[in-house]
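Okay, here's what each chain looks like letter by letter:
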Amino acid sequence: MSGGGESRGILSRYVFSLDHRVIGLQYLMTAMGMALVGGLLALLVRMQIAWPSHEFRAVSRLLPQGFDEGIMKPEFYAALFTMHGTIMIFFVLSAALIGGFGNYLIPLQVGARDMAFPRLNALSYWIYLVSSVVMLASFFTPSGPAASGWTAYPPLSALKGAIAGSNLGQDLWLVAMALFILSFTLGGLNFLATIVALRRPGLLMMDLPLFTWAMFFVAILGLLAFPSLTAASIMLLLDRHAGTSFFIPTGLVLSGEAVQGGGGSPILWQHLFWFLGHPEVYILMLPSLGITSDLFGVFTGRRVFGYASMVYAMALISGMSFLVWGHHMFVSGMSPFLGSAFAVTTTLIAVPSGVKVFNWIASLWNRPLRLTTPMLWALGIFSLFVTGGLSGIWLGQTQIDIQLHDTAFVVAHFHIIMAGAALFGVFAGVHYWFPLFFGRLMNERLGIAHFLLTFVFYYATFFPMHLAGLQGQVRRVYDPYQYDYLKPLASMNAFITWAAVALAISQILFFVNFFWSLKKGNPAGPNPWTAPTLEWSEPAPAEENA
Amino acid sequence: MSFEAPKNGGALARLFAFLTAAFVAWSAYALATSSLPPLAANRGRIDSAIALNLVISGIVFLGAHVALLLVLLRRPREARIPHENARVEMLWTALTAIVLVALLVNSELDSRALAGGSTDPGAEPPVVVEVVAQQFAWNFRLPGEDGIFGRTDPRLVDQAELNFIGLDRKDPAAEDDIILPQGLLVLPEGREVRVRLRSLDVIHSFFVAPFRVKRDAMPGIATEFTFTPTLSGRFELACAEHCGLGHYRMRGMVEVVPKADWAARLKEAVQ
């Protein structure tokens, strides 16, 4: 990186910058773009579930490959839910919370000048951008993007004839994921090194904001868990192209033709995938948990109740998240003994989670609240964590999971706790740190309106899915009403879709607020929220590192 | 700060509290009055477990949200702010752990009860059924008088000859196998059914909601599970694992008939 600050051009200041603040904002803006794609995919999925035999003339003109005379093609539907999940989990939420907020805030919150390895940091971002492009490129392959679910279970994902989208689209998915994981591994290394080694002298770990602690645990989780998916993806690529059979058992017959190869196990993929997959959902959850605790502290004027317990709870949650992955596989045919073991760990992980909820209540009890927009989002996360966490306990019991696995109940659960809490964390963080990023405040009225509408429509969209799941609505189904017993759910599904549309429209308020406030927001002082944490002791907008 | 943020008890707090209360009331009512499809097998322990969880999580759901409402609506009282209190923390941690362990023990007991078949030596032998899933249909066969399933071989699969599972007709044990029409399973009411579940191609999942039965059809292995239908009727079988573009139309039908009518109905179905 060149020395002085005077004569550096646009490219090195704003594009190929090594400054963690620029990199953080690059992640955030890219994630926002990917969110538009992910959200559009969700709306198309909901459109199909609500009205399966409807002719969508207008949409089919915009996306002709996905429709046949206005009727959505089943393979297109499969690609939609696959790419929605993949894009939202990795390219939106992970990128925004960890790449975005993590990069911007960690050095500031620990009192360091920048991340430990600024070049590696910039490289992480550019690899993430390339991985996003590869993932989006898969939409434009002749047989379409991956369509085997974000979980990519073989043999469906391994055998090219098993579904359209299991051709080049699946390969590009695997390549994009490998690149994404590389980006996050580099990022995780940076986070750990910075938090552990570059803290301002005298700043103890137990002085750090809970957001920084969350980033610390996220980095560890990522470094230890992602390699499992990397290995699995390479093995899947080999099965697809090199004649190996890691995941392909002997004796398969696809469409009447014998499948070559054998000796492999599809369950092996599930173990490898979920060994990452479960910590991944905690990677998504932890930043919001940290943000909520910190915001409760700032906007009640006192430190969160039981700070040390909150740290230990996060540590326990993180550690135990490595021991629960099999709860995704209770009905897979794996050993029932394993099932019991995973039920134990899964149910017990609710203990530290419960501790956090009780400590949050104590952090709010009888305290004066400043109901700023960031605080509203934090309160929303509190609600979502309780609601979504409770349904998780149901699913962690093996006998209940028999009835609810692969139904809309699971979809409700993870959208409320993971997607919802992570998403609300993004909104909380953007509103809260906007003055730090850009020197201005976002508009409070617009912020409050956006929050209230999102809170209402988010629950309106996802809560009814619990009921649909209890009544047996299966997941990933292009037309649920092929089954007579699901026909009574038609009006509920239509309601959910309209709520989702309202939810999507409400997000316009956020985008308007964000971009308008960039230019016209009220100028903020150096610490508009009177927060006690270190990131606010810098002048804002932050000066560049010399 | 350049503006006064809204406080507890103010207009915004009341609005947010109202919306929260409305959501909580509606969702609690909806869940409390929700139902599973009518139970048609001897697996009601799942229903009781769900009911138990509904009560426990309902209490926590309501409690946490009532706390949120109170926090929003009440004027804060400086003197009553809770301070760090290790004893209280240990108490609520222990309480949470106790409730969860109780649910776990219940889950383990239920799972064992549900997995085991009848141990009564005088009971009728179970009806053994092999279910073979494929893109996009269900194949069913019974072993016949000899109680032995005939050999199958993937190389013998011949869709044109309607030999979907690759039955080796030269195997003597295959002679009396009863192959049902694709998608239709006929079972007697009140007799234990033991299912051997396989897949020809990708992962499928055998799900009959009224029976409270779900198991993945995992290529490469044959898994077994058991249940006893307790009601006569026609029950739809759904595939519960994404298996390709026809996943949504992998519908089967399980017809449960009174014991006395079963043999005749089977014969009729096979014709």
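Remember, it's a predicted structure, so these values are computed and weren't measured experimentally.

What counts as what
- Residues numbered from 1 in each chain as written.
- Chains lettered and ligands numbered in written order.
- Predicted model: local features only at pLDDT ≥ 70, side-chain atom pairs only at ≥ 80, totals over all residues.
- Heavy atoms only, no water.
- Helix = DSSP H or I, 4+ residues; strand = E, 2+ residues; numbered from the N terminus.
- Buried < 20%, exposed > 50% of the residue type's maximum accessible area, 1.4 Å probe, protein only.
- Areas by Shrake-Rupley, 256 points an atom, 1.4 Å probe, with all protein chains shown as cover.
- Lys, Arg positive; Asp, Glu negative; His and termini not counted.
- Charge placed at Lys NZ, Arg CZ, Asp CG, Glu CD.
- Rg over C-alpha atoms; globule rule 2.2 N^0.38 Å.
- Contact = heavy atoms within 4.5 Å.
- Salt bridge = Lys/Arg side-chain N within 4 Å of Asp/Glu carboxyl O.
- Polar contact = N/O pair within 3.5 Å; in protein donor to acceptor, adjacent residues only side chain to side chain.
- Nonpolar A, V, L, I, M, F, W, Y, C, P; charged D, E, K, R; others polar.
- Pairing = 2+ DSSP bridges.
- Expected span 1.5 Å × (residues − 1).
- Axes fitted to C-alpha atoms, helices over the stretch in contact; angles between N-to-C directions.
- Patch = residues over 30% accessible without salt bridge, like charges linked within 9 Å, V, L, I, M, F, W, Y side chains within 5 Å.
- Bend = angle between axes of the 7 residues up to and from the residue.
- pLDDT = per-residue confidence, 0-100.
- Parallel < 35°, antiparallel > 145°, perpendicular 65-115°, else oblique.
- Left-handed = near helix turned anticlockwise from the far one by under 90°.
- Phe/Tyr/Trp six-rings, centres within 6.5 Å; stacked < 30°, edge-to-face > 60°.
- Disulfide = S-S within 2.5 Å.

1. A look at the overall build of chain A
Line of reasoning, step 1. Scanning chain A for helices and strands turns up 16 helices and four strands.
Line of reasoning, step 2. With respect to the three principal axes, the spread of C-alpha positions in chain A is 70 × 50 × 50 Å.
Line of reasoning, step 3. A buried classification covers 66% of the 546 residues belonging to chain A.
Line of reasoning, step 4. When the accessible surface of chain A is summed, it comes to about 17400 Å², and 70% of that surface belongs to carbon and sulfur atoms.
Line of reasoning, step 5. When the 25 positive and 22 negative side-chain charges of chain A are each reduced to one mean point, those points stand 9 Å apart.

2. A few points about the overall build of chain B
Line of reasoning, step 1. Each helix and strand in chain B was counted, giving four helices and 10 strands.
Line of reasoning, step 2. Secondary structure of chain B in N-to-C order comes out as α-α-α-β-β-β-β-β-β-β-β-β-β-α.
Line of reasoning, step 3. Against the globule reference of 18 Å for 271 residues, chain B gives a C-alpha radius of gyration of 27 Å, more extended than a compact globule.
Line of reasoning, step 4. Overall, the C-alpha framework of chain B stretches about 85 × 45 × 30 Å when taken along its three principal axes.
Line of reasoning, step 5. Taking contacts inside chain B between residues at least 6 apart in sequence as the whole, the part at least 24 apart equals 71%.
Line of reasoning, step 6. Within the structure as shown, chain B displays about 12700 Å² of accessible surface, and the carbon and sulfur contribution to it stands at 60%.
Line of reasoning, step 7. In chain B, which carries 28 positive and 30 negative side-chain charges, the distance between the mean positions of the two groups comes to 10 Å.

3. Quick look at the interface of chain B and chain A
Put simply, an interface is often sized by how much accessible area is lost when its parts join up.
Line of reasoning, step 1. Taken together, the contact pairs 99 residues of chain B with 99 residues of chain A.
Line of reasoning, step 2. At the boundary of chain B with chain A, the tally comes to two salt bridges.
Line of reasoning, step 3. Our count for the chain B to chain A interface comes out at 33 residue pairs in polar contact (both at pLDDT 80 or more).
Line of reasoning, step 4. Of all the secondary-structure elements, those providing two or more residues to the side of chain B that touches chain A are α1 (11–32), α2 (44–73), α3 (86–115), β7 (213–217) and β9 (233–239) of chain B.
Line of reasoning, step 5. Its residues placed into classes, the side of chain B that touches chain A shows 56 nonpolar, 23 polar and 20 charged.

4. Remarks on the pairing of strand β6 (residues 204–208) of chain B
All names here are of chain B.
Line of reasoning, step 1. Of all five residues in β6, five are buried; the element is thus mostly enclosed.
Line of reasoning, step 2. Residues His204, Phe206 and Val208 point to one face of β6 and Ser205 and Phe207 to the other, with burial holding for every one of them.
Line of reasoning, step 3. Where β6 hands over to β7, the hairpin turn is made up of four residues, of which Arg212 adopts a positive phi near 60 degrees.
Line of reasoning, step 4. In this sheet, β9 lies alongside β6 in antiparallel orientation, the contact comprising two bridges.

5. Notes on helix α2 (residues 20–50) of chain A
All names here are of chain A.
Line of reasoning, step 1. Compared with an ideal rise of 1.5 Å per residue, which puts 31 residues at 45 Å, α2 spans 44 Å between its outermost C-alpha atoms and is within 8% of the ideal.
Line of reasoning, step 2. In terms of burial, α2 is a largely internal element, 22 of the 31 residues being buried.
Line of reasoning, step 3. For α2, the N-terminal cap is Asp19; the gap from its side-chain oxygen to the backbone nitrogen of Arg21 is 2.8 Å.

6. Here's the deal with the pattern of salt bridges
Residue and element names in this part refer to chain B.
Line of reasoning, step 1. One pass over the full model with this rule turns up 24 salt bridges over all chains.
Line of reasoning, step 2. Of the charged contacts in the structure, one is a salt bridge between Asp110 and Arg45, with a shortest N-O distance of 2.5 Å. Here Asp110, found in helix α3, pairs with Arg45, found in helix α2; they are 65 residues apart in sequence, far enough to count as distant.
Line of reasoning, step 3. A salt bridge links Arg155 to Asp153, with the nearest nitrogen and oxygen atoms 2.9 Å apart.

7. Quick word on the sheet that holds β6 of chain B
Residue and element names in this part refer to chain B.
Line of reasoning, step 1. Strand order in the open sheet formed by five strands is β4-β10-β9-β6-β7, and the pairing between neighbours is mixed. Of all strands in the sheet, those bounded by a partner on one side alone are β4 (184–188) and β7. On average, each strand axis in the sheet is inclined to that of its neighbour by 20 degrees, with strand direction left out of account.
Line of reasoning, step 2. Across the sheet, helix α4 (residues 259–270) lies against β4 and β10 (252–257), angled at about 160 degrees from β4, the strand it touches most.

8. Things to note about a nonpolar patch on the surface
Line of reasoning, step 1. Residues Ile234, Leu238, Phe246 and Leu268 of chain A make up a contiguous nonpolar surface patch of about 300 Å² in total accessible area.
Line of reasoning, step 2. Locating Phe246 of chain A in the fold gives a position in the loop between α7 (210–241) and β3 (253–254).

9. Some details on helix α15 (residues 444–470) of chain A
Residue and element names in this part refer to chain A.
Line of reasoning, step 1. Here α15 contains 27 residues, and its C-alpha end-to-end distance of 39 Å stays within 8% of the 39 Å for a straight helix at 1.5 Å per residue.
Line of reasoning, step 2. At Ala460, α15 shows its maximal bend, which comes to roughly 25 degrees, and the proline Pro464 appears one to four places after that position.
Line of reasoning, step 3. Regarding α15, its N-cap is Asn443, as a side-chain oxygen of that residue lies 3.0 Å from the backbone nitrogen of Arg445 further along.
Line of reasoning, step 4. A positive backbone phi angle near 100 degrees is found at Gly472, which sits one or two residues after α15.

10. Concerning the confidence of the model for chain B
Line of reasoning, step 1. For chain B, mean pLDDT is 94; residues scoring 70 or higher make up 99% of the total.
Line of reasoning, step 2. Across the whole predicted complex the pTM is 0.96, and at the interface the ipTM reaches 0.96.

11. Considerations on the packing of helix α9 (residues 307–320) of chain A against helix α11 (residues 350–364) of chain A
All names here are of chain A.
Line of reasoning, step 1. Interaxial distance between α9 and α11 falls to 8 Å at its minimum, and their mutual angle equals 155 degrees. With respect to α11, the element α9 is oriented roughly antiparallel. Remark: the crossing between α9 and α11 carries left-handed chirality. Of the residues in α11, those touching α9 at Ser309, Met310, Ala313, Met314, Leu316, Ile317 and Met320 are Pro352, Ser353, Val355, Lys356, Asn359 and Trp360.
Line of reasoning, step 2. Looking at the contact of α9 with α11 residue by residue, the class counts come to nine nonpolar, three polar and one charged.

12. Considerations on the sheet that holds strand β5 (residues 193–199) of chain B
All names here are of chain B.
Line of reasoning, step 1. Across the sheet, which stays open at both edges, the five strands sit in the order β3-β2-β1-β5-β8 with mixed pairing between neighbours. Two strands bound the open sheet, and with one partner strand each, they are β3 (178–179) and β8 (223–227).
Line of reasoning, step 2. Bridge count for strand β1 (residues 127–134) against strand β2 (residues 137–142) is five bridges, and the pairing is antiparallel. Considered in β2, the bridge of Ala133 is made with Trp138.

13. A short note on the confidence of the model for chain A
Residues and elements named next belong to chain A.
Line of reasoning, step 1. Scored by pLDDT, chain A comes out at a mean of 94, with 97% of its residues at no less than 70.
Line of reasoning, step 2. With pLDDT under 50 throughout, residues 1–6 is counted as low confidence; its partners more than four residues away or in other chains account for six contacts.
Line of reasoning, step 3. With pLDDT under 50 throughout, residues 540–546 is counted as low confidence; its partners more than four residues away or in other chains account for 22 contacts.

14. Regarding the environment of Pro38 of chain B
Residue and element names in this part refer to chain B.
Line of reasoning, step 1. Tracing the backbone through its elements, the reader meets Pro38 in the loop between α1 and α2.
Line of reasoning, step 2. For the pair formed by Pro38 and Pro210, sequence separation is 172 residues and the distance between their alpha carbons is 5.7 Å.
Line of reasoning, step 3. Not counting residues up to four positions away in its chain, the partners in contact with Pro38 are Pro210 and Arg212.

15. Examining the packing of aromatic side chains
Line of reasoning, step 1. What the rule picks out here adds up to 73 aromatic pairs over all chains.
Line of reasoning, step 2. With a centroid separation of 6.3 Å and an interplanar angle of 20 degrees, the aromatic rings of Phe91 of chain A and Tyr128 of chain A are classed as stacked. Placement of Phe91 of chain A in helix α4 (residues 74–110) and of Tyr128 of chain A in helix α5 (residues 118–137) is noted, with a sequence separation of 37 residues between them.
Line of reasoning, step 3. Assessed through its relative accessible area of 0%, Phe91 of chain A is described here as buried.
Line of reasoning, step 4. For the pair Phe225 of chain B and Phe227 of chain B, a centre-to-centre distance of 6.4 Å together with 20 degrees between the ring planes defines the contact as stacked.
Line of reasoning, step 5. Classification of Phe225 of chain B by relative accessible area gives buried; the value is 10%.

16. Brief notes about the state of the cysteines
All names here are of chain B.
Line of reasoning, step 1. Tallied over the full model, the rule gives zero disulfides over all chains.
Line of reasoning, step 2. In this model Cys239 remains outside any disulfide bridge; the closest cysteine sulfur is found in Cys243, 3.9 Å from its own.
Line of reasoning, step 3. Residue classification places Cys239 among the buried residues on the basis of a relative accessible area of 0%.

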